[in-house]
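Working through the structure, step by step
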Protein chains: 2
Amino acid sequence: MGKKVTIRDIAKRANVSVTTVSQVLNGKGNRFSKSTCDKVFKLRDEMQYVPDFHARSLIMQGSVSTIGVLIPDLSEPFFGTFVEGVQKVAREQNVIPLVFSANRDPKLEKEYLQQMVSRAIDGLIIASARMTTDTIKQALGNLDIPFILFDRNNAQEGTRVQTDDFHGGQIAAQHLIDLGHKKMVYLSVDKDTENFQHRLSGFEKVLKDNGINFDESTDVLYSELSREGGEAAAKDVVASGATAVFCGNDDMAIGLLKGLRELDVRVPEDISVIGYDDISLDEYVYPRLTTVHQPIYDLGVGATEILLDRLNDKDVDEKVEKFPVHLVERESTARPAK
Amino acid sequence: MGKKVTIRDIAKRANVSVTTVSQVLNGKGNRFSKSTCDKVFKLRDEMQYVPDFHARSLIMQGSVSTIGVLIPDLSEPFFGTFVEGVQKVAREQNVIPLVFSANRDPKLEKEYLQQMVSRAIDGLIIASARMTTDTIKQALGNLDIPFILFDRNNAQEGTRVQTDDFHGGQIAAQHLIDLGHKKMVYLSVDKDTENFQHRLSGFEKVLKDNGINFDESTDVLYSELSREGGEAAAKDVVASGATAVFCGNDDMAIGLLKGLRELDVRVPEDISVIGYDDISLDEYVYPRLTTVHQPIYDLGVGATEILLDRLNDKDVDEKVEKFPVHLVERESTARPAK
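Structural notes on the side chain of Arg330(B)
Residues and elements named next belong to chain B. With respect to the helices and strands, Arg330 occurs in the segment after β12 (326-328). Within the structure, Arg330 has its side chain in polar contact with the side chain of Glu283 (distance 3.2 Å). There is a polar contact of 2.8 Å between the side chain of Arg330 and the backbone oxygen of Leu289. Contact partners of Arg330, with chain neighbours within four places excluded, come to Asp278, Asp282, Glu283, Arg288, Leu289, Thr290 and Thr291.

Put into structure tokens, the structure is as follows:
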């Protein structure tokens, strides 16, 4: 077994200082000439240098670790709660979380990722429905920075936390069927976002297993994934003739409650509404929202714990940790009128 | 006029490299001996070295600027919207915002501040009701990092964005008096937080100017500054005999709506409720919340624009930018029953 290559070895071969090599390899090479940077990168590849996480961490920022948290939108209550879970663990373990909210903009997501790398971040939690493992690895370059995926599409591998969206859809369907509903619609976002697709699949399966008609071409309604989107969909919901609506997330459901109220449609007397997520607001809207609970805070806690485990021991196996979902029955669902 | 002292001069006198001086002065000195660090700091003071913002920025991180945003609690909708405003300007100007949520913990606030400094952040937006200008300057050390204060107590100076809390309190009082209320209470948080105190002063002044009794010892109710806190205060509100409640912020008001509903007290028929902030949720609760509008998003935009101005020109004068407040009348306030 050969001796592990260090930045000292690279510095010697390149005839530059150890600091220069360290800075160049850590993305802080702007003040060096292009030829110096090129030389260092070439030697790194030639000599098959593998950065040592602890060494890099010590050189770049002292003993406090930082983790980057990349989320789609900070103003969504879902991600606010997720970040709270991250922060709880971070506080306990004396780690600094840096939160980047990319406004659902793929270009920004990439840019922020590169920023985190150049800031010598120790590990990453990435919640993006768009980025594939390949995109992420590309952005990380040759740096061996551990990352955890969350709320993802299926085009990924790697360590990640997940909830069972298919089962969540099943739970919503079973609840509405148990109440006696026979005509139901699914209100969601018209984007190729796999978790919403899984919710629909689970929902549809239980309906069909119970002999209830469900035609994706007419019984799936689309709107923006926001409270405004849910509100705007109220007319379509009424026009569908459904006695119950399963919403892709709680934000949409809360908007729908408002839209229906403005049309003088009573919930749950005229139409039952069930959401997805169980954000804290559900308790404060009227009627209080029945929903499929995702352990959002626990997901933040879990993702952070797994990441810190990997920071302490890079050789832990990649794994997928699943978090259970369950029904939370409140006031927005009831038996249909007729 | 003497020549400006550079880190080159310090390096020469200290007999260390320019990189060493740069790293030590930028809070990245952990890998150098204590005696080296002490020597560098001593010479900096002796030679009256003033760091050059642009030089530091270029050395430490290339051409992309970063601004640190320190807020009390990310899961409060108020600060979510504020950060959205910050992010909008940051995106337009190609600046990276790093968001730190300190969970209203003074120790964490200090720690995060130090982290930002050691990460060669270019400028700071600080929203904390606790930190004084002195605390901040101490944390920043001798580094000349521009910062903007927001949502602050009065123990501060420096550039800051503000809204007029006293006037906000006046607006709330005038609205309730116009509706005919004669017995009103103020529900807020029992902490020495000056902006809530100002709201109370404005409220109380208008009541007294209109010959309406208001006794701070009985007509100010206290609870936690949260939806849960507002909900818990519902009993006290009913016991007070008031026909209208002015809440310190919308979160409390939204919680109070829920608490009153559970006690079968009708809003606004039995009791009128007015909040403060105008968070987006106000439209989605029932009844929709009447409130005093703060331009939260604009405050985020304004704070960021002022900060970036100062980054581009350090000699701009310190200033206080005031943002107006106004009444937003919705459904939670009405004439008293009798």
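Topic: the pattern of salt bridges
Residue and element names in this part refer to chain A. One pass over the structure, following the stated rule, counts 34 salt bridges over all chains. Here Arg288 makes a salt bridge to Glu331, at a shortest N to O gap of 3.2 Å. Taken as a pair, Arg288 in the loop between β9 (272-277) and β10 (290-293) and Glu331 in the segment after β12 (326-328) lie far apart in primary sequence, 43 residues in all. On the basis of relative accessibility, which here comes to 21%, the residue Arg288 falls in the partly exposed class.

So, the sheet that holds strand β10 (residues 290-293) of chain B
Residues and elements named next belong to chain B. Pairing is mixed in the open sheet, where 6 strands are placed in the order β7-β6-β8-β9-β10-β12. Each edge of the sheet is formed by a strand with only one pairing partner; in this case those strands are β7 (220-223) and β12. Neighbouring strand axes in the sheet, compared pairwise and without regard to direction, differ in orientation by 25 degrees on average. In this structure, strand β8 (residues 244-247) lies alongside strand β9 (residues 272-277), joined through 3 bridges in parallel fashion.

Notes on helix α7 (residues 133-140) of chain B
All names here are of chain B. When α7 is considered as a whole, its buried residues turn out to be Thr133, Ile136, Ala139 and Leu140. Projected onto a plane normal to the axis of α7, the buried residues spread over an arc of 130 degrees and lie on a single side. More than 90 degrees from the buried face of α7, the exposed residues found are Asp134 and Gln138.

Looking at helix α2 (residues 18-25) of chain B
Along α2(B), 7 of the 8 residues are buried, which leaves the element largely enclosed by surrounding structure. Taken residue by residue, α2(B) has Thr19(B), Thr20(B), Val21(B), Ser22(B), Gln23(B), Val24(B) and Leu25(B) as its buried positions.

Calculation notes
Here, residues in each chain are numbered from 1, in the same order as that chain's written sequence. Chain labels run from A onward and ligand labels from 1 onward, assigned in the order the entries are written. Residue-level local features of this predicted model are given only where pLDDT is at least 70; pairs of side-chain atoms are given and counted only at 80 or more, and the full residue set underlies all totals for whole chains, interfaces and linings. The side-chain values count all of the structure's non-hydrogen atoms but skip hydrogen atoms and water molecules. Secondary structure elements follow DSSP: runs of H or I of four or more residues count as helices, runs of E of two or more count as strands, with numbering from the N terminus. The definition of a polar contact used here is a pair of N or O atoms within 3.5 Å, where within protein one atom must be able to donate a hydrogen and the other to accept one, and adjacent residues in sequence count solely through side-chain atom pairs. Note on contacts: a residue pair is in contact if any heavy atoms of the two residues lie within 4.5 Å. Criterion for a salt bridge: a side-chain nitrogen of Lys or Arg within 4 Å of a carboxyl oxygen of Asp or Glu. Remark: exposure states derive from per-residue accessible area (1.4 Å probe, protein chains only) relative to the maximum for the residue type, with buried under 20%, exposed over 50%, and partly exposed in between. Think of it this way: DSSP has to see at least two bridges between two strands before they count as a pair. Between N-to-C directions, angles span 0 to 180 degrees; the directions come from axes that are lines fitted to C-alpha atoms, helices contributing only their stretch in contact. It is the directions from the helix axis to the C-beta atoms whose arc is reported.

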